[in-house]
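# Architecture and fold: a report
Okay, here's what each chain looks like letter by letter:
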Amino acid sequence: MLALSALLSSATLAAAETPAKQVEQFLSRYCLECHDADVHKGDRAFDQFKLPLKSLPAVIEARDIIDQLTLREMPPKKAEQPSDEERLAVIRALRDGTAAAQATLQSTGSRTVLRRLSNREYEKTLATLFGRRVDTLGLTADFPKEKTARHLDTIGQSLVTSGFLVDQYFQSANRLVETRLGKPATAPQTWRFNKNFIQYEELTGSHMSAFNFRYLNIYEQPNTDTRQGGYGHIEDFKQGVPISGLYDIEVEATAMHRDTHYDPAIFGIDLSEPFILGVVPGDITKGHIHYPQAIEPLLASGVVPDNVPTRLKFRVWLEAGQTPRFIFPNGPYESRASVVTINKRYPKEFSTPVGSSGVGRAHILREGKLPHIRISEIVVQGPLSEPVGGAEEIAVFGKDGFQADRALDQLLAFAAKAYRRPLQDADRESIRKMHEKRIAEKASPRQAALDVVKLILCSPSFLYLSEVTQEADRRLQPHDLATRLAFALSAAPPDETLSASAGASGKLTGDAELKKQIDRLLADERVNGFVNGFLDSWLSLRELGGMPPPREVNRAYYAEDLPTSMKTEARLFFRDMLKENRPVNQFLHADYTFVDKKLAQLYDLPEQKTLRLADGFRKVSLKGDKHRGGLLGMAAVLTVSANGVETSPVTRGAWVSENILGIKPPPPPDVVPAIEPDVSGTTTIRERLAKHSTDRACAECHRKIDPLGFSLESFDPVGRWRVTYPKPKKGAAPKIDTTGEFASGETYQDFAGFRDILHDKREEMFTRHLIRSLLAYSTGRLMEPADEFAVDRIHEKVKQQGLGLRSLVVECLTSDVFRSR
């Protein structure tokens, strides 16, 4: 009876303790042994920590303690453990404490630094303003490499404007305006080519012997190592077209020997698929005409029929000085290697000796069956006449084109579109003065106007997302809000509808109108600008291809252009999640994805037997699939989180920690040696990690990072499933150990189990990180500790709506954070 009385008394006293006392006693008992002023393990000291929270550093500390206790990562497993009741009581007390601090700790510094357009936004904005693609000009090709913050390319503090970049802006504006609007009137011409198709030097002898340069042969995919027949140019048209414009190109082409009897493995391609001919621009002044060039967007493509010469017609845009070049996107892996192998394996099939070098191909072209595309004639016609002088003329000067007597009004109207807001008196005065100055200098009326257009394109009001919102106002004014919303959801300026909403009535700032415009933009195809830009940032997909795998062991990666398919899968999946408002936890575990034939083969899905390249991407079921489903089963993520040559639980674990859970691992201390590679292949990365982690300086971080990457070792550097590592020169291939244990104690046996833990136990962590990433991407600034209150509110609202991705995006873009300076 006395014992029961004492127990009840103790419980009553515990219940009566203040939250501040509960936290103090908890830290004293379970934490201070390792985290006081003397020890401060992990650079944390809690001896001065207490409620109420009176500073932002204290709030950060409290949130960190909450995370550690929620994940059961602290106290460490070997230390004395609190009861669940104690743990929950302290978590509750700390959460209440951070909420109570909200009123007094709202950051006044959480404002977006005035930022310029990123290179990506710059090109897209110019394409919008001029009404036509500008990637053929390579306007940003010489710009400094963009700096990012937490992989985001929209953060104002990182978008530095150097003197060199300013000079590049002037050069780009001049080139764009003069090339597109300053070109002289030119009558259409016709050029016909059906001989003298001289190609790469090593092909010269064979082509002269076999057909005296009568044909232009394309033998391989572009950008191979040896580059022998990946680009077909017109030798007698290297000077290119006289002016920028639309040109019709007619090509007589034949797909040769797709039915070859040679071993298909020689070519490394799927010969069941029809051959594709592509057109890209080339410029003899920009480098070797047979090699890849910095500016070569795909202008057009078409299927080439087998065996019978067929005329294919393309309408393409070429810049002055550019010449069309022809490529074979799904061509053989490497022409030179194919020829050497054919000569070695099939010498008896030819009536003449194959030669000692093994690289000659004249006899193969005469008697053999080497797969390639043969072009026998090319006709180029243009520049084609366009209404009112072309899309650029209408976009800049209006539907009637340039009018000298209305030039100033036309320029002011264009400036308003370029500046994305109503013009101010200073804007009008600057434009008027420049126009009058050029007229006074005897420039023609049109040239004077073009020079003013250049001025507008170099103005800070164009280059920067400048704000007309007054400094004292926290909420963005309508036009500033419209600009921020447009660049967030399309990476381009506001369209007419959005600009009208921000017009005289200013109704865009109202909740209902803002949500209406968000819904409209999300349903527009231009939302691809958001999807592509955000995924490049959030998932680091911008870096895909930065460390490509060796060609000799990953031929399909190059032959089938897998990086493009990889990115497309992630983009289609995100768009579907957005359109259908699916719960964001499906990013962690989903029962479907989108694949084309190439990815179906990479993933070893049943659809690889039925899909054709012409089918493009299809939504496929992954029910019951333990290897795929969610972001971590996608090749894009698995490739970008590897280093191209080998995989590592550390590299992929750090990627998952930062990009999925929002915890950026600290860099390794300088005193810690790097993990030595095993060139012999006799030890696994896990064995080397175990040795590496015996160092106490390493173990503290590795116990949190490595478990996030162990199961992902089931995927090779390009996301292909595997159960063993590559076979070493001696001995058997080491088996992959996919088991792991989180620092919080959860264990898994394989990738499926690891994925389930993330889905079931880390959903809130993932969702909050997604909210922070979206807010940072759309506002142009990284989220600060004081913004966590806003993240809390958004998360709670989205939870009430089923955690749908579309709901999350809408709540972020209608939040105070997004609508504030």
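Treat the numbers as computed from the prediction; the structure is a model and nothing was measured.

Summing up its helical and strand segments, the protein has 31 helices and 13 strands in all. For 821 residues, the compact-globule estimate of 2.2 N^0.38 gives 28 Å, and the protein sits close to it at 31 Å. By principal-axis analysis of the C-alpha atoms, the protein measures approximately 110 × 80 × 45 Å. Put simply, the protein has 821 residues, and 52% of those count as buried. Across the protein, contacts joining residues at least 24 apart in sequence account for 72% of those joining residues at least 6 apart.

On to the state of the cysteines. This structure, assessed with the given rule, holds 0 disulfides. The structure places no disulfide on Cys34, whose sulfur is separated from the nearest cysteine sulfur, that of Cys31, by 8.7 Å. Residue Cys34 is classed as partly exposed on the basis of its relative accessible area, which comes to 29%.

With respect to the helices, strands and loops of the structure, Ala590 is situated in the loop between α21 (562-580) and β10 (592-595). Residue class for Ala590 comes out buried when judged on its relative accessible area of 5%. Ala590 sits 17 residues away from Phe573 along the chain, and the two C-alpha atoms are 9.9 Å apart. Ala590 has contacts with Phe573, Leu622, Arg628, Gly629 and Gly630, leaving out every residue within four places of it along the chain.

Between side chains of opposite charge, pairing is possible as soon as their charged atoms come close. For the coordinates displayed, the defined rule picks out 58 salt bridges. Between Arg311 and Glu377 there is a salt bridge, and its shortest N-O distance comes to 2.7 Å. Of the two residues, Arg311 sits in strand β7 (residues 310-318) while Glu377 sits in strand β9 (residues 372-382), which places them 66 residues apart along the sequence. For Arg311, a relative accessible area of 33% translates into the label partly exposed. Between Arg428 and Asp425 there is a salt bridge, and its shortest N-O distance comes to 3.2 Å. Of the two residues, Arg428 and Asp425 both sit in helix α13 (residues 425-440), 3 residues apart, roughly one turn of that helix. Of the residues examined, Arg428 reaches a relative accessible area of 36% and is grouped as partly exposed. Each of Glu178, Lys437, Arg438, Glu441, Asp451 and Lys454 takes part in salt bridges that share partners, so that together they form one network.

Here we take up the nonpolar core. Phe530, Trp538, Met566, Phe574, Phe587 and Leu632 are the most contacted members of the largest nonpolar core, which totals 101 residues. When neighbours within four sequence positions are excluded, Met566 is seen to be in contact with Leu544, Tyr557, Leu599, Leu602, Ala635, Ala636, Thr639 and Val718. Counting residues in each nonpolar core, the second largest holds 48 residues, with Ile243, Tyr247, Ile266 and Val316 among its members.

What follows deals with the packing of helix α29 (residues 788-800) against helix α30 (residues 805-813). Their axes nearest at 9 Å, the elements α29 and α30 cross at an angle of 145°. Crossing geometry of α29 relative to α30 is assigned as right-handed. Taking contact as the criterion, the partners of Ile794, Lys797 and Val798 in α29 are, on α30, Ser807, Leu808, Glu811 and Cys812.

Our focus in this paragraph is the packing of aromatic side chains. One pass over the full model with this rule turns up 32 aromatic pairs. Taken together, a centroid distance of 4.8 Å and an interplanar angle of 45° make the contact between Tyr262 and Tyr346 tilted. With Tyr262 in the loop between β4 (245-256) and β5 (275-282) and Tyr346 in the loop between α9 (335-345) and α10 (362-367), this residue pair connects regions lying 84 residues apart in the sequence. Exposure class is identical for Tyr262 and Tyr346. Each is buried. In textbook terms, an aromatic cluster arises when at least three aromatic residues are bridged by ring pairs, as seen for Phe530, Phe534, Trp538, Phe573, Phe574, Phe587, Tyr592, Phe594, Phe766 and Tyr777. In this arrangement the basic side chain of Arg361 is found over the ring face of Tyr219, its NZ or CZ atom lying 4.5 Å from the centre.

Okay, the sheet that holds strand β6 (residues 300-304) next. One open sheet accounts for 4 strands, arranged β3-β8-β5-β6; its pairing is antiparallel. The sheet terminates laterally at β3 (231-232) and β6, the two strands that pair on one side only.

Here we come to the packing of helix α28 (residues 763-779) against α30. At a closest axis distance of 10 Å, the pairing of α28 and α30 adopts a crossing angle of 50°. Considered as vectors, α28 and α30 are oriented oblique to each other. The handedness of the crossing between α28 and α30 is right-handed. Listed contacts from α30 to Thr767, Leu770, Ile771, Leu774, Leu775 and Ser778 of α28 are Leu805, Leu808, Val809, Cys812 and Leu813.

As a further point, take α21. Here α21 contains 19 residues, and its C-alpha end-to-end distance of 27 Å stays within 8% of the 27 Å for a straight helix at 1.5 Å per residue. Every buried residue belonging to α21 is among Leu562, Pro563, Ser565, Met566, Lys567, Glu569, Ala570, Phe573, Phe574, Asp576, Met577 and Leu578, and all of these are buried. Asn581 occupies a position one or two residues after α21 and carries a positive phi of about 55°.

On to unusual backbone geometry. The peptide bond linking Leu51 to Pro52 adopts the cis configuration, its omega dihedral lying at 0°. In this fold, Pro52 is placed in the loop between α2 (19-30) and α3 (56-70). Across the junction of Gly382 and Pro383, the peptide omega takes the value 0°, indicating a cis bond. Structurally, the position occupied by Pro383 is in the loop between β9 and α11 (391-397). Within the chain, Arg150 stands out as a residue other than glycine whose phi angle is a positive 50°. Inspection of the secondary structure assignment puts Arg150 in the loop between α6 (119-130) and α7 (163-181). Assessed through its relative accessible area of 37%, Arg150 is described here as partly exposed.

You can see Ala743 is positioned in the loop between β12 (740-741) and β13 (747-748). A relative accessible area of 11% places Ala743 in the buried class. Here the alpha-carbon distance between Ala743 and Arg175, two residues 568 residues apart in the chain, equals 57 Å. When near neighbours in sequence (up to four residues on either side) are disregarded, Ala743 contacts Arg72, Glu73, Arg703 and Lys704.

Residues Tyr592 and Phe594 of β10 are buried on one face, and the alternating residues Thr593 and Val595, pointing to the opposite face, are buried as well. Where β10 lies against strand β11 (residues 618-621), 4 bridges are found, and the strand directions are antiparallel. Bridging across to β11, Thr593 finds its partner in Val620.

Glancing now at the side chain of Thr98. For Thr98, the location among the structural elements is in helix α4 (residues 84-100). Within the structure, the side chain of Thr98 is placed 2.8 Å from the backbone oxygen of Arg95, a separation counted as a polar contact. Leaving out residues up to four positions away in the same chain, Thr98 has contacts with Leu53, Val59, Ala62, Arg63 and Phe789.

About the criteria used
- Residues take numbers from 1 onward in each chain, read along the sequence in its written order.
- In view of the model being predicted, local features appear only for residues whose pLDDT reaches at least 70, and side-chain atom pairs are presented and counted only at 80 or more, with totals across whole chains, interfaces and linings using the full set of residues.
- The side-chain figures draw on all heavy atoms in the structure; neither hydrogens nor water molecules are used.
- Strands are runs of DSSP state E lasting at least 2 residues, helices are runs of H or I lasting at least 4, and numbering of each runs from the N terminus.
- Between the two quantities, the radius of gyration covers C-alpha atoms and the globule rule is 2.2 Å times the number of residues to the power 0.38.
- Each residue gets one of three labels from its accessible area relative to the maximum for its type: buried under 20%, exposed over 50%, partly exposed in between, using a 1.4 Å probe on protein chains only.
- The contact rule is simple, with two residues in contact once any of their heavy atoms fall within 4.5 Å.
- Disulfides are defined as pairs of cysteine sulfur atoms found within 2.5 Å of each other.
- Every case where a carboxyl oxygen of Asp or Glu lies within 4 Å of a side-chain nitrogen of Lys or Arg is listed as a salt bridge.
- Only buried residues count toward a nonpolar core. Its members are Ala, Val, Leu, Ile, Met, Phe, Trp, Tyr and Cys residues joined through side-chain atoms within 4.5 Å.
- Working convention: axes come from line fits to C-alpha atoms, limited for helices to the stretch in contact. Angles between N-to-C directions cover 0 to 180 degrees.
- Two helices that cross are described as forming a left-handed crossing if the nearer one is turned anticlockwise from the farther one by less than a right angle, and a right-handed crossing if clockwise.
- A pair of Phe, Tyr and Trp rings is counted when the ring centres sit within 6.5 Å of each other, with Trp represented by its six-membered ring. The angle between the planes then sorts it: under 30 degrees is stacked, over 60 is edge-to-face, the rest tilted.
- By the criterion adopted, a ring carries a charge over it if an Arg CZ or a Lys NZ lies within 6 Å of its centre and within 35 degrees of its normal.
- DSSP calls a pair of strands paired once it identifies at least 2 bridges connecting them.
- Every angle not falling under 35 degrees, over 145, or within 65 to 115 is termed oblique; those three ranges are roughly parallel, roughly antiparallel and roughly perpendicular.
- A helix is expected to reach a length of 1.5 Å times the quantity of its residues less one.
- Polar contacts, as used here, are pairs of N or O atoms within 3.5 Å; protein pairs need one atom able to donate a hydrogen and one able to accept it. Residues neighboring in sequence count only if both atoms are side-chain atoms.

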